[in-house]
Amino acid sequence: MKKLTALLLATVLCFTLAACGSDPVEDVTLRLWGGEEDQVMLRQMADAFIEANKDKVNLTISLGTESESTAKDTILTDIEAAADVFAFANDQIIELVTAGALQEVSIRADDIKSRNSAGSVEAATVGGKLMAYPMTGDNGYFMYYDASYFTPDDVQTFDRMLEVAAAAGKQITMDMGGAWYSYSFFKGAGLDVSLIEGTQNNFCNWNAAGGTDVVQAMLAIAAHPAFISLGDGEFVTGIENGTIIAGINGPWNAGRAQDAWGANYAAAKLPTFTLAGAQKQMGSFAGFKLVGVNALSANAGWAMELADWITNYENQVKRFNDRQQGPSNTAAAATDAVQADPAQAAFAAQQPFSVPQAIGGNYWSAAGTLFEIIVRGNPDGTDLQTLLDNAVAGITAPVG
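An account of the accompanying structure is given in this report. As the structure is a prediction and not an experimental result, all values here were calculated from the model.

About the thresholds
- Residues numbered from 1 in each chain as written.
- Predicted model: local features only at pLDDT ≥ 70, side-chain atom pairs only at ≥ 80, totals over all residues.
- Heavy atoms only, no water.
- Salt bridge = Lys/Arg side-chain N within 4 Å of Asp/Glu carboxyl O.
- Helix = DSSP H or I, 4+ residues; strand = E, 2+ residues; numbered from the N terminus.
- Buried < 20%, exposed > 50% of the residue type's maximum accessible area, 1.4 Å probe, protein only.
- Pairing = 2+ DSSP bridges.
- Polar contact = N/O pair within 3.5 Å; in protein donor to acceptor, adjacent residues only side chain to side chain.

Remarks on the pattern of salt bridges
Okay, so step 1: In the structure shown here, the tally under the stated rule is 16 salt bridges.
Okay, so step 2: For Arg319, the salt bridge goes to Asp38, with nearest N and O atoms at 3.2 Å. In this pair, Arg319 sits in helix 13 (residues 313-323) while Asp38 sits in the loop between strand 1 (26-34) and helix 2 (39-52), placing the two residues 281 residues apart along the sequence. The burial state of Arg319 is the same as that of Asp38; both residues are buried.
Okay, so step 3: In this structure, the salt-bridge partner of Lys289 is Glu68, at a minimum N-O distance of 4.0 Å. Linking Lys289 in strand 16 (residues 284-293) with Glu68 in the loop between strand 2 (57-65) and helix 3 (71-77), this pair joins segments that are 221 residues apart in sequence.
Okay, so step 4: Beyond isolated ion pairs, a larger network of salt bridges with shared partners links Arg108, Asp111, Arg115, Glu305 and Asp308.

As structure tokens, then:
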């Protein structure tokens, strides 16, 4: 009897220890959205996250393609159907928060704030609450150029760059029909557009005195035979086939420019342009890319862990190495590789002439319409003041 009792106790103890040591691991499925160019890198990050947490959770992470520039529009179409974790440009955060699409960062928020730049933390904060994870600190643009054609002095002015390109039978480019890049000319003239605090509506004074001079300057550049307005994909094609020898673009195409131009790959701040007979420095938007967690995620805790992972020091260094995107993480930004990078140096040189990208929803379509008319040479011959009055009316129209 004693032997039987001892055997039963041993058996119970064995089952108890086995149960305690092998609790079933939770199954969690997450969806992660990022840009098309980031898919390979994000897969690597996600797989590393799965491996790092395999003893805690049985993770499945699927990827989807969604540009940071269009994330808000897609998400707000159906928040419940959106990914658990997604990247977006910081100017979208107000609308995402207002719509209830973002989960407040409630895990290690102080650590996230301390490791990222003050500007990126501010961009990720709404109403005093951290609502997203800073991912990059270089969402802006500058001038790329092929140093076999241009000297550093040449790239100081748009006029000289056009002269050099024309003499070589080549072209320089920017997306002049785009509302993001062409803001540069009005900013350079001292005219501006900005979000009215506490609203999704804009202030804009582009139709004030001097506004028509800006339009005239842009029309002159657009009509120059050495200039062509190209979007991102066409910019890359042009530098690869040799027709484009300089262009205004962002850090996401640094690798493609370096591959195309090799030892002649170079970058600089934006040039000056001729405005009513004087040289004016082009301004720019500067922004941040952020990572958000869907407020309706069924696995918000693990979604926050994933968002934290893909924006940590190691993965911001990886993002720079793989995609040449500048870190918001201050330690990553201080590494020798980042400090020595031509695109990052150009971005830093442009910063004194940049303003945070915080623009309400009606800016993009109304300003885009204006710039499309300009890049086509104002084909209907519309009075320039009328063009500006119409654009400002659209830009400042109340949202909703």
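Some details on the pairing of strand 12 (residues 244-249)
Okay, so step 1: Of all six residues in strand 12, six are buried, a share of seventy percent or more.
Okay, so step 2: Where strand 7 (residues 142-146) and strand 12 come together, four bridges link them in antiparallel fashion. The residue of strand 12 that forms the bridge with Tyr144 is Gly247.

Focus: the side chain of Ser297
Okay, so step 1: If you trace the backbone, Ser297 turns up in the loop between strand 16 and helix 12 (300-310).
Okay, so step 2: On the basis of relative accessibility, which here comes to 12%, the residue Ser297 falls in the buried class.
Okay, so step 3: For Ser297, the side chain forms a polar contact with the side chain of Asp84, separated by 2.7 Å.
Okay, so step 4: A distance of 3.1 Å separates a polar side-chain atom of Ser297 from the backbone nitrogen of Asn299.

Purely spatial values, then, with no claim about function.
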